[in-house]
Amino acid sequence: MGFPDLAQRVADVRARIDAARARGGHGQRVTIVAVTKSHGSDAAKAAYDVGLHDVGENKVQEALKKMGEVDVPVRWHLIGHLQRNKVKSLEQFVLLHSLDSSRLADSVCAYGLARGRAVDALIEVNFSGGKTKYGFSPSELLPEAERLTSLAGIRIRGVMTMASFTASESELHRTFADARDAREALVEAGHPAEELSMGMSNDYEIAVEEGATMVRLGTTLFGARDK
Ligand SMILES: *Cc1c(COP(=O)(O)O)cnc(C)c1O
């Protein structure tokens, strides 16, 4: 095991991000969230060692197991669907990227109030239509944003989206630009909403051109997953 060429891969990704930022002209800073799902905890440790201190997992159980095995102060991000009976595990994560339903929002809010500190979360919005299982539709976003202003147990830090794997380049641009507009709408509704989590291994350069502040990268850093 091990990820011997990770430092080189990170350097390449950072160069591509810088170039994409320059093309896009949004002037944002970009955080790489290293997605270690399906890899062992050695991937999270390796990421940390090359300067990627933000690590993303899409499943709570898998993440908690790795947290017990990693002895460096990684900032863990939850990027996948969260079941409402697991909201207490949010204590272990710096950010929930996947606030994907009103019911989950209510549970997360109750948990944030109970612990006495609001939970930081991104609203997941599905701009590409149909296929994906989770996330608010664009038409649901504004009503939900209004409703969330009264939920003191959650702090809405921005928008997360996933583009369709089959989208053309122009469709990707449109999806990510829509997410940027949605983030602005959240700000207008009174949320802090400074983050735009969008872009994966196959589309992160376009996402950064359109203003992504967080890219979630797995394959391009750690190689293909076998499950
Ligand atoms: C797996 C995953 C990623 C990373 O995907 P890659 O294509 O391997 O970079 C990003 N975001 C979410 C929500 C994921 O589940």
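By convention here, each chain's residues receive numbers from 1 onward along its written sequence. With the structure being a predicted model, the display of local features is reserved for residues of pLDDT at least 70 and the display and counting of side-chain atom pairs for 80 or more, all residues being used for whole-chain, interface and lining totals. Neither water nor hydrogens contribute to the side-chain values; these are computed over all heavy atoms in the structure.

### Describing the pairing of strand S6 (residues 154-160)
What counts, and what does not: The cut-offs for exposure are 20% and 50% of the maximum accessible area for each residue type, with area from a 1.4 Å probe on protein chains only; residues under the lower value are buried, those over the upper are exposed, and the others partly exposed. Helix and strand assignments come from DSSP, with helices taken as H or I runs of at least 4 residues and strands as E runs of at least 2, each series counted from the N terminus. One bridge is not enough; two strands pair if DSSP finds at least two bridges between them. When the strands point away from the viewer and the connection leading from the first strand across the helix to the second strand turns clockwise, the crossover is called right-handed.
The element S6 is extensively covered by neighbouring structure, given that five of its seven residues are classed as buried. Here strand S5 (residues 119-124) pairs with S6 via six bridges, running parallel. When the bridges of S6 are listed, Val119 appears paired with Ile154. After leaving S6, the chain enters helix H6 (residues 169-188) and then returns to the sheet as strand S7 (residues 195-197), a path that is right-handed.

### Things to note about the site of the ligand
Applied cut-off: In this text, near means that some heavy atom of the residue lies within 4 Å of the molecule or strand in question. Polar contact is defined as a pair of N or O atoms within 3.5 Å, subject to the rule that within protein one atom must be able to donate a hydrogen and the other to accept it, and that residues adjacent in sequence are counted only when both atoms are side-chain atoms. Method for areas: the Shrake-Rupley scheme with a 1.4 Å probe, in which residue coverage is limited to the protein chains shown.
In the region of the ligand, the neighbouring residues are Val35, Lys37, Ile79, Met162, Met200, Ser201, Arg216, Leu217, Gly218, Thr219 and Arg225. Residue Gly218 places a main-chain N or O atom 2.8 Å away from an oxygen atom belonging to the ligand. Within the contact set of the ligand, an oxygen atom lies 2.5 Å away from a side-chain nitrogen or oxygen of Thr219. Bound to the protein, the ligand loses 92% of the 390 Å² it would expose on its own.

### Some thoughts on the packing of helix H4 (residues 102-115) against helix H5 (residues 138-148)
We count it as follows: Axis angles are defined between N-to-C directions and span 0 to 180 degrees, where every axis is a line fitted to C-alpha atoms and, for a helix, only to the segment in contact. Roughly parallel refers to an angle under 35 degrees, roughly antiparallel to one over 145, roughly perpendicular to one between 65 and 115, and oblique to any angle outside these ranges. Should the near helix be turned counterclockwise from the far one by less than a right angle, the crossing is left-handed, whereas a clockwise turn marks it as right-handed. The contact rule is simple, with two residues in contact once any of their heavy atoms fall within 4.5 Å. Each residue gets one label: Ala, Val, Leu, Ile, Met, Phe, Trp, Tyr, Cys and Pro are nonpolar, Asp, Glu, Lys and Arg are charged, and the others, such as Gly, are polar.
Between H4 and H5, whose axes approach to 12 Å, the crossing angle comes to 15°. The angle between the axes of H4 and H5 places the two elements in the roughly parallel class. In this structure, H4 crosses over H5, and the sense of that crossing is right-handed. Counting all contacts with H4, which are made through Ser102, Ala105 and Asp106, the residues of H5 involved are Glu144, Arg147 and Leu148. Residue composition of the contact of H4 with H5, by class: two nonpolar, one polar and three charged.

By themselves, these are just geometric observations and shouldn't be taken as functional.
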